[in-house]
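# Structural description and commentary
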Amino acid sequence: MRFGCCAAIDQAEALDKAGYDFIECTVISLMPEEKEEVFKTILEKYQASPLPIEAFNILLPSDLKIVGDKVDNQRVKDYLKSALERVCRIGADTIVFGSGGARSFPKGLSKEKGREQMAAFLSTISDMADQLSLTIVIEPLNKKESNIINSISEAAAWSKEFNQKSLKILADFYHMEEEKEPLTNFYEYRDFIQHIHVADTNRLAPGTGMYPYPEFVRNIHKANYDGRISIECNWRNFAEEIGPALDFLKKQFSCH
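An unreviewed UniProt entry annotates the chain as Xylose isomerase of Niallia circulans.

Below you can see the structure in the form of structure tokens.
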């Protein structure tokens, strides 16, 4: 098991000292719509990281719609081409597709039209990812953040529909708890899950709340998952909490 944290690249040093295995940054921080000269400065910061950047989240800015009447297909394709290439240059291999603001169906959009647009987006990005040996993991979000893909089973159905090596899913403990999704889904959909996010009650740091971590860990072990787990939470004090949060996770996985 490899433990990482969703954070900004300038927090990599603190995470490295705390003992994390990797850092997960945001795609939008790579400024995919800016020119190469702008990216060069960003790239230098990433290359100087003491921790490997193995995954990226926040794929799309909220104004870059992929469903509805405001979709600019050319802008989406240009953005994805730039974003995926930049992720590759940094050395990561996994991109999280959450982006609730970009993917949520606007009012008045028919379910059929929305699903058609979502399918077109997933087809485009999975084809691009295949060519670059990247994996896109679809993240189910709770209904307060998105009105589509709210469960592991729904995300798995999309992955299964395309049947491409590059299109898998992410399981997020926080969103599962918000939607009261059974933790047994870790096992049931084990063939699709390729990345995991964790938090605790009120989306705070692991170990500070009441989430059923023993059950969570048992199901992950049962599924024979041995990949990456990233903390994605709201920190009350980043510097003080990152160490205890990592210690808590390591203890949970060693005890159950």
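### Quick notes on helix H3 (residues 73-90)
Spanning 18 residues, H3 covers 26 Å between terminal C-alpha atoms, matching the ideal 26 Å at 1.5 Å per step. Those residues of H3 not exposed but buried are Val76, Tyr79, Leu80, Ser82, Ala83, Leu84, Arg86, Val87 and Ile90. For H3, the elements touching its buried residues are helix H2 (36-47), strand S3 (53-57), strand S4 (94-97) and helix H5 (111-132).

### Some remarks on empty space enclosed by the protein
It is a probe the size of a water molecule, rolled over the atoms, that shows where empty space is left. Taken as a whole and assessed by the stated rule, the structure comprises one cavity of 30 Å³ or more. Computed from the structure, the largest cavity encloses a volume of approximately 30 Å³. The wall of the largest cavity is formed by Pro140, Asn150, Ser151, Asp172, His175, Met176 and Glu181. Classifying every residue of the lining of the largest cavity by side-chain character gives two nonpolar, three polar and two charged.

### Thoughts on the UniProt feature "domain: Xylose isomerase-like TIM barrel" (unreviewed entry) in the chain
Those residues carrying the UniProt feature "domain: Xylose isomerase-like TIM barrel" (unreviewed entry) are residues 13-251 in this numbering. The span residues 13-251 is 45% helix and 14% strand, and its two end C-alpha atoms sit 23 Å from each other.

### Regarding the pairing of S4
Alternating positions in S4 separate into two faces, Thr94 and Val96 on one and Ile95 and Phe97 on the other, with burial throughout. Relative to strand S5 (residues 135-138), S4 runs parallel, the two being bridged by four bridges. Its bridge partner being in S5, Phe97 is matched across the sheet by Ile138.

### Description of the packing of H5 against helix H6 (residues 152-162)
Think of two packed helices as two axes; the pair is described by the angle between the axes and how far apart they sit. It is at 11 Å that the axes of H5 and H6 come closest, and there the two elements cross at 60°. Considered as vectors, H5 and H6 are oriented oblique to each other. Relative to H6, H5 is oriented so that their crossing is right-handed. Within the contact between the two elements, H5 uses Arg115, Met118, Ala119, Leu122 and Ser123 and H6 uses Trp158, Glu161 and Phe162. Counted by class, the contact of H5 with H6 contains five nonpolar, one polar and two charged residues.

### Quick notes on the pairing of strand S6 (residues 167-172)
Counted residue by residue, S6 has five buried out of six residues, so it is predominantly covered. With three bridges joining them, S5 and S6 adopt parallel strand pairing. From the neighbouring strand, Ile136 faces S6, where its bridge partner is Leu167. This β-α-β element, S5 to H6 to S6, shows right-handed connectivity.

### Quick word on the side chain of Ser49
Within the fold, Ser49 resides in the loop between H2 and S3. Judged by its relative accessible area of 16%, Ser49 is buried. Of the polar contacts made by the side chain of Ser49, one reaches the backbone oxygen of Leu51; its length is 2.6 Å. Contacts of Ser49, omitting those with residues within four sequence positions, involve Ile9 and Ala12.

Quick notes on the rules
- Residues numbered from 1 in each chain as written.
- Predicted model: local features only at pLDDT ≥ 70, side-chain atom pairs only at ≥ 80, totals over all residues.
- Heavy atoms only, no water.
- Helix = DSSP H or I, 4+ residues; strand = E, 2+ residues; numbered from the N terminus.
- Expected span 1.5 Å × (residues − 1).
- Buried < 20%, exposed > 50% of the residue type's maximum accessible area, 1.4 Å probe, protein only.
- Contact = heavy atoms within 4.5 Å.
- 1 Å grid on protein atoms, 1.4 Å probe; cavity = no way out; pocket = protein on both sides within 12 Å on 5 of 7 lines; lining within 4 Å.
- Points joined across faces, edges and corners; volume = space filled by probe spheres on them.
- Nonpolar A, V, L, I, M, F, W, Y, C, P; charged D, E, K, R; others polar.
- UniProt positions renumbered as here; feature names shortened; annotations may be inferred.
- Pairing = 2+ DSSP bridges.
- Axes fitted to C-alpha atoms, helices over the stretch in contact; angles between N-to-C directions.
- Parallel < 35°, antiparallel > 145°, perpendicular 65-115°, else oblique.
- Left-handed = near helix turned anticlockwise from the far one by under 90°.
- Right-handed = clockwise from strand over helix to strand, strands pointing away.
- Polar contact = N/O pair within 3.5 Å; in protein donor to acceptor, adjacent residues only side chain to side chain.

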